[in-house]
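# Chains, contacts and geometry: an overview
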Amino acid sequence: MTEQTSQNTPGQKTTSIWGDFRRLSKLWPDLKSHKRLIVFAGLLIPVISGLQMASPMTIRYIVDEGIVKKDADPIAFGALIFLGIVIFEYLSRATQSFLAAKVVHRMVRSLRNRLLDHVLRLRLSYHDKNLSGTLVTRATSDFDNLSESLNMGVLNSVVDLAVLVGCVIGMLMLNVQLTLVALLLLPVVGTIVTWFSRSLKQAMLKARRKIATLNAFIQECLYGNTTIKVLTAEEDATKRFHQYNVAYRDAQMGTVLLDACMFSILDGIASITVGIALYVGITIVLQTDSSAITAGILVAFVQLIQQMFEPLKNLGNKMAMLQGAFTSIERVFGVLDTKSFVSGGESPPLLKGKVAFEHVSFRYNQDDEAWIVRNLNFEAPAGTSTAFVGATGSGKSTIIKLLTKLYDGYEGVIAIDDEDIRHWDGRQLRRAIAIVPQDIVLFDGSVAFNIGLDRPDITLEQIQKAARNVGADSFIQELNGGYDYRLREGGTNLSHGQRQLLAFARALAQDPKILILDEATSSVDAQSEAIIQKAVETLLKERTTMVIAHRLSTIRQCDQIIVLDKGQIVEQGNHTELIAKEEV
């Protein structure tokens, strides 16, 4: 297992609060298709604010006109009005929350699909530099965090802001002097909120990095579970997991501590504000005997202050939610804003299969001095087979990756049918090329799905024909359900040889013009290899084939064999010609 490192997403730099809010505009492309729901939910916000302001006004009426004057009718009438306001406010809040949540979940679904499509189109060099577990975090927990943060933080904060404005308007309607007194401490509140929001953002960024590292390590342990057991490294894996887990817990506790401190401070300021307002109001009444401040006004004013500070007291939690949304947006769009694509967008023509490398040199890291392949020159006529042999690290697999446009940035020209592939779209090119890799990847699904990969242009008849041609049909028919037999992830309920045969059938089902065998028979037993070799002898006559293999039986029949050493071609010819040379 490799040592885990934190992966910093592009764009993770300190920004102002308003810069954070502007970042929300990145979500608009995925929100604009739901404008009708957004407008309806938005129209309910001033309704909620007005109802919040109406409640204290109703209480003022009950106190002044009913309790003070000892009249039961205003009390009964006011109570009915108050009950209606509460019910209507509840229905308005519930409807607004439902509509907002519906929009958010639809937006998250759209954004998640866009992220996965984007990640799959990024060049392999991006994946080489980023832990897969980190990308899994982007596509899972970051979106869960974004959804929760938008619903509980951003959208609730908009409602809270409207309620805050409504409370201030209500207080001004009751008494301007008391309102000015109540608002004296708001600048202090603003300063506190600003400082804590910045600190919360940094703490949450740290927590998200820690959970990404933890997820990456968990995925690595699950992937290498067998190796860990064989090497009896369970104790070391558990120890390292504990370290990453504790680091994540400590980072999370940092956000909890900041949130708790902010809540306590704001709660104290709210109580102080109520006390000051009551003192000033009662003083005015006692000293001036003014009728401008009645008992109902004081009761209503205290309730408005409490309603105004209610969202402020919860602002710590809301700011944590907001920072969660900002953090998730920053991390998700750090991936989406990465434009590391292999060049080329033209559709390739119908291929015949002629392949040529002209003075091709390549290195994975442009800062490295050593070339992986250097000045390669060879041609594979359409319908012929070419084998690449050489020691590990000689550049065999790199040639295949360049031919299939998994990497670019090479020097020289790679041509198919005498046309430079640089300008072709890599995904469309790979549809005309089939690869049988050494490390077989089978998915959780039926046998038919794993051969055809649910491509609409591959029918069940083509799947069955491909399986028969490679000799896989016989063991498939013996499975419970045949082609509908469900494979577990990785095909663990099949033998290694059976998995290799399915991979071969998958390649042939595409009916490719270019077929690549990357150590395709390295782990197949003698009986399975004999079946494959028999099918290959007839199938390769119509295709250009590139073979990477060490088994003599696999490369002997190839039209030409290219011997590589340290990224360069040292010998070239057919099997008979190379055997005749003593130095090979």
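For clarity, every value in this text was computed on a predicted model and none was experimentally measured. (Residues numbered from 1 in each chain as written. Predicted model: local features only at pLDDT ≥ 70, side-chain atom pairs only at ≥ 80, totals over all residues. Heavy atoms only, no water.)

Let us now look at the sheet that holds strand 9 (residues 514-518). Read across the sheet, six strands follow the order 6-9-10-3-11-12 without closing on themselves; strand pairing throughout is mixed. Pairing within the sheet leaves two strands with one partner each, and these edge strands are strand 6 (433-436) and strand 12 (568-573). Taken over all neighbouring pairs, the strand axes of this sheet differ in orientation by 20° on average, direction set aside. Pairing of strand 3 (residues 385-390) with strand 11 (residues 560-565) involves five bridges; the strand directions are parallel. Following the sheet pairing, Phe388 is matched in strand 11 by Ile562. Strand contacts of helix 14 (residues 396-403): strand 3, strand 6, strand 9, strand 10 (544-548) and strand 11, with the helix running at about 145° to strand 10, the strand carrying the most contacts. (Pairing = 2+ DSSP bridges. Helix = DSSP H or I, 4+ residues; strand = E, 2+ residues; numbered from the N terminus. Axes fitted to C-alpha atoms, helices over the stretch in contact; angles between N-to-C directions. Contact = heavy atoms within 4.5 Å.)

Before going further, it helps to spend a moment on the nonpolar core. Nonpolar side chains tend toward joint burial in soluble globular proteins. Val447, Ile451, Phe475, Ile476, Tyr483 and Leu502 are the most contacted members of the largest nonpolar core, which has 38 residues in total. Going through the elements one at a time, strand 3, strand 6, helix 16 (447-452), helix 17 (460-469), helix 18 (473-478), helix 19 (496-509), strand 9 and strand 11 are the ones with two or more residues in this core. Looking at this core element by element, the count peaks at eight residues for helix 19. Once residues lying within four places of it in the same chain are set aside, the contact partners of Val447 are Ile476, Leu479, Gly482, Tyr483, Tyr485, Leu487 and Leu502. Judged by nonpolar contacts, the second largest core, of 37 residues, contains Ile45, Met171, Ile293 and Leu304. (Core = buried A, V, L, I, M, F, W, Y, C linked by side-chain atoms within 4.5 Å. Buried < 20%, exposed > 50% of the residue type's maximum accessible area, 1.4 Å probe, protein only.)

Our next topic: the pattern of salt bridges. Within this structure, the stated rule accounts for 12 salt bridges. A salt bridge links Arg93 to Glu89; the nearest nitrogen and oxygen atoms lie 3.2 Å apart. You can see Arg93 and its partner Glu89 sitting in helix 4 (residues 72-121), four residues apart, about one turn around the helix. By relative accessible area, which is 29% here, Arg93 ends up partly exposed. Note that Lys354 and Asp418 form a salt bridge whose closest N and O atoms lie 2.9 Å from each other. (Salt bridge = Lys/Arg side-chain N within 4 Å of Asp/Glu carboxyl O.)

As a further point, take the confidence of the model for the protein chain. The predicted model of the protein chain has a mean per-residue pLDDT of 81, with 86% of residues at 70 or higher. For the stretch residues 1-14, pLDDT sits under 50, and the model shows 44 contacts to residues farther than four places along the chain or on other chains. (pLDDT = per-residue confidence, 0-100.)

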